[in-house]
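# Notes for the structure review
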Amino acid sequence: MRTMIKRNLKLYFRDKATVFFSMLSVVIIFALYIFFIGDSISSGLQFLPHPNRLMRAWMLAGMLASASLTTSLGAYGIMINDRENKTIKDFYSSPISRRQIAGGYIATGFIISIIMSIFTLIFGEIYLGMAGGAVLDPELLLKLLPVIALSAFASSAIASFTVSFLKSNTAFSAASTVVGTLIGFLVGAYIPIGSLPDNVQWLVKYFPCAHSAVLYRQLLMEPAINENFTQQSSVVLRKCKEALGIVFVYNGKTAPAWVSVVVLLVTGVVFYSLAVLVLTRKQNEI
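One structure accompanies this document, and this report is about it. Keep in mind the model is a prediction, meaning the values are calculated, not measured.

Counting residues in each nonpolar core, the largest one holds 87 residues, and the members touching the most others are Leu54, Trp58, Val187, Phe207, Tyr216, Leu220 and Met221. For this core, the element with the most residues is helix H4 (residues 51-75), which contributes 14 residues.

This is the structure:
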């Protein structure tokens, strides 16, 4: 399986177009913030001393949550190519078990999701530094690594299960386009959750990858929150956290961080298990 993973990683990073388009949602979020939504959202927070620092960290959290899903989805395009080109039949004739072959594809998606999320974080750090914001300290960066791994675990599981039903590059391209378009809304990266209608807010709150965004925001926005809300009441802080999706509220109760962790863990286990079942079943039919 290790050889399979190395082969898939080489194919993914060799194709520059695949890498770019799997990061397209991140580019869109960044561009929308710079040219459109950044100033409009910050204008509503002018009572704070440094609203731009707060919103830049908010934007970076959305980019990271989106990157986890779209990059892992792009990685599974290799499996679709192998199916369409019948290359996968050569693997089935090898001594590697079909479960290991499926595991090789799935592990590739997970690894690529982590690598590209770290790349997104580095890009965000460079932007924060150039924009005059405070660069994150090493301790906070270390805290982000488990969140990146957890987010990649859940996101790549969802992507693997989705791709397990696709057979052609045409279907895969269509699915990638839909996911790339919707992911920014579903994690609350295009528009703060507090600005959405109530029914849409509930959709976001029950979407697993949105819990990745919550964990990212709680870490990335902590320094900016400490800077901006020292002179504000706890009521103002609570309302801002709810409006920006730093916390999720269910039936009047604020969900602690461990709830998001559990949601991501359960999502990863369930969807990976389903993906392996679907993939091995289809492989046995070939």
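That was the structure; now back to the text.
Note that Lys205 resides in helix H10 (residues 198-205). For the buried Lys205, which has no salt bridge, the nearest side chain bearing the opposite charge is Glu242, at an N-O separation of 7.0 Å. Sequence-distant contacts of Lys205, that is, excluding residues within four places in its chain, are made with Ile193, His211, Phe248, Val249 and Tyr250.

Time to look at helix H11 (residues 208-220). Here H11 contains 13 residues, and its C-alpha end-to-end distance of 19 Å stays within 8% of the 18 Å for a straight helix at 1.5 Å per residue. Where burial is concerned, most of H11 is hidden: twelve out of the 13 residues are buried. Here H11 has its buried residues at Pro208, Cys209, Ala210, His211, Ser212, Ala213, Val214, Leu215, Tyr216, Arg217, Leu219 and Leu220.

Right, let's get into the side chain of Ser72. Relative to the helices and strands, Ser72 is located in helix H4. Contact partners of Ser72, with chain neighbours within four places excluded, come to Ala67, Gly109, Ser113, Ser155, Ser156 and Ala159.

Rules of the game
- Residues numbered from 1 in each chain as written.
- Predicted model: local features only at pLDDT ≥ 70, side-chain atom pairs only at ≥ 80, totals over all residues.
- Heavy atoms only, no water.
- Core = buried A, V, L, I, M, F, W, Y, C linked by side-chain atoms within 4.5 Å.
- Buried < 20%, exposed > 50% of the residue type's maximum accessible area, 1.4 Å probe, protein only.
- Helix = DSSP H or I, 4+ residues; strand = E, 2+ residues; numbered from the N terminus.
- Lys, Arg positive; Asp, Glu negative; His and termini not counted.
- Salt bridge = Lys/Arg side-chain N within 4 Å of Asp/Glu carboxyl O.
- Contact = heavy atoms within 4.5 Å.
- Expected span 1.5 Å × (residues − 1).

Read these as geometric descriptors, not functional statements.
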